[in-house]
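An overview of the molecular structure
The lines below spell out each chain.
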Amino acid sequence: MTAPLRLGTRGSALAMAQSGQVAAALTAATGREVELVEVVTAGDRSSAPVHRLGVGVFVSALRDALVARTIDLAVHSYKDLPTAAASGLHIAAVPPRQDPRDALVAKGGRTLAELPPGAVVGTGALRRIAQLHALGLQLEVTPIRGNVDTRLARVLGPDADLDAVVLARAGLARLGRADVITETLDPMLMLPAPAQGALAVECRADDPDLVELLAVLDHAPSRAAVTAERALLATLEAGCSAPVAAYAELAEGDVGDEIYLRGAVISSDGTRDLRLSRTGTPADAAEIGKALAAELLELGADSILGLEGNAGPGTQQFGSTE
């Protein structure tokens, strides 16, 4: 009998849930059995702000396990991956993307507009902190870390100390917790992180049979959208915890499908907010992202990113995988 494929995953509830969904889809499509192998990453062992741990903090241990051949494939939250390709490894599939928008969970079922001035909102991403400040709602925004349940308890638990939290809708949906969402945030208000809601299924490039097998999970529209968003991020030379947002949508155009990409770079205090958009074909996804990033740089995005990158230890730079 063929041995089960070993799928490496982080041990958080969300990581296990999304890896389990990928495993089930692969078995259903190919008949191959898949077993989950928990891999502890540096990000899981530390409570420090993610930007101090480095880009890819939730990824490197999984990639090390692939190279060491202790696992056969790994499932990542795509927005956690460094933009540079990993030598010897291959993103074999981008499964259908979950809703990439951010979600608000607030006391009393409130929407963002219904939160009173001075309401305390928690979030783990500098991108979200920056955009909340840019809205000018006079909210008190505080950085938080922890898994989904830990964050929800800050609003819904018996010891709740926050008025609301902002999380990725995709993570809540994968955990079966979408019922707690009080508002799914319009991208016009809160543009998502590049690749938010998407998964990356990675394996060794020197395993062509597995590369071919995993291709059954690939969803071309999701891959094209993520490619455009991450090309923007890479061209800006910004990491996953930087105040950069991007959202690509595919729609039917006059001569076939088109990508509509929106991108933004926002200062952490919300006082500088650069937003642009660009369209093109899915085949040109990477070039669309690069071109939009170049336009943002012409408008001064590099000065915003440089300021955030050189900020002192007290600056609110907190990454997030949720």
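Every value quoted in this text rests on a predicted model; they were computed, and no experiment measured them.

Analysis parameters
- Residues numbered from 1 in each chain as written.
- Predicted model: local features only at pLDDT ≥ 70, side-chain atom pairs only at ≥ 80, totals over all residues.
- Heavy atoms only, no water.
- Helix = DSSP H or I, 4+ residues; strand = E, 2+ residues; numbered from the N terminus.
- Buried < 20%, exposed > 50% of the residue type's maximum accessible area, 1.4 Å probe, protein only.
- Contact = heavy atoms within 4.5 Å.
- Pairing = 2+ DSSP bridges.
- Axes fitted to C-alpha atoms, helices over the stretch in contact; angles between N-to-C directions.
- Salt bridge = Lys/Arg side-chain N within 4 Å of Asp/Glu carboxyl O.
- Expected span 1.5 Å × (residues − 1).
- Polar contact = N/O pair within 3.5 Å; in protein donor to acceptor, adjacent residues only side chain to side chain.

1. So, the environment of leucine 112
Along the chain, leucine 112 turns up in the loop between strand 5 (102-106) and strand 6 (120-123). Judged by its relative accessible area of 4%, leucine 112 falls in the buried class. Counting along the chain gives 70 residues from leucine 112 to threonine 182, while the straight-line C-alpha distance between them is 8.8 Å. The contact partners of leucine 112, leaving out residues within four places of it in the chain, are Leu104, Leu132, Leu135, Leu137, Leu139, Glu183 and Leu185.

2. Examining the sheet that holds strand 11 (residues 244-253)
Spatially, 11-12-13 is the arrangement adopted by the 3 strands of the open sheet, whose pairing is antiparallel. Bordering the open sheet on either side are strand 11 and strand 13 (273-280), each of which pairs with just one other strand. Strand-to-strand twist of the sheet, defined as the mean angle between neighbouring strand axes without regard to direction, takes the value 15 degrees. Where strand 11 meets strand 12 (residues 256-266), 10 bridges bridge the pair, whose relative direction is antiparallel. Among the inter-strand pairings, alanine 251 is bridged to a residue of strand 12, identified as glutamate 258. The sheet strands contacting helix 9 (residues 220-235) are strand 11 and strand 12, and the helix crosses strand 11 at an angle near 145 degrees.

3. Comments concerning the pattern of salt bridges
One pass over the structure, following the stated rule, counts 16 salt bridges. Of the charged contacts in the structure, one is a salt bridge between arginine 63 and glutamate 202, with a shortest N-O distance of 3.0 Å. Remark: glutamate 202 occurs in strand 10 (residues 199-204) and arginine 63 occurs in helix 4 (residues 60-67); sequence separation between them is 139 residues. Looking at glutamate 202, the relative accessible area reads 2%, which means it is buried. The residue aspartate 161 makes a salt bridge to arginine 154 at a minimum N-O spacing of 2.7 Å. Since its relative accessible area comes to 44%, aspartate 161 is described here as partly exposed.

4. Quick notes on helix 9
Its 16 residues give helix 9 an end-to-end C-alpha distance of 22 Å, which sits within 8% of 22 Å, the value for a rise of 1.5 Å per residue. Those residues of helix 9 that sit buried are Ser222, Ala224, Ala225, Val226, Ala228, Glu229, Arg230, Ala231, Leu232 and Leu233. Lining the buried residues of helix 9 we find strand 11, strand 12 and helix 10 (285-298). One or two residues past the end of helix 9 sits glutamate 237, with phi positive at roughly 55 degrees.

5. Some details on unusual backbone geometry
One non-glycine residue, glutamine 138, lies in the positive phi region at around 60 degrees. Tracing the chain through its elements places glutamine 138 in the loop between helix 5 (126-134) and strand 7 (140-143). Non-glycine residue alanine 195 carries a positive phi angle of around 75 degrees. Structurally, alanine 195 is set in the loop between strand 9 (183-184) and strand 10. According to the relative accessible area criterion, alanine 195 is buried, its value standing at 0%.

6. So, the environment of glutamate 202
Taking C-alpha positions, glutamate 202 is 5.5 Å from leucine 73, a pair spaced 129 residues apart along the chain. Setting aside its immediate chain neighbours within four residues, glutamate 202 contacts Arg63, Leu66, Asp72, Leu73, Ala74, His76, Ala86, Leu89, His90 and Ile91. Within polar-contact distance, the side chain of glutamate 202 engages the side chain of arginine 63 at 3.0 Å.

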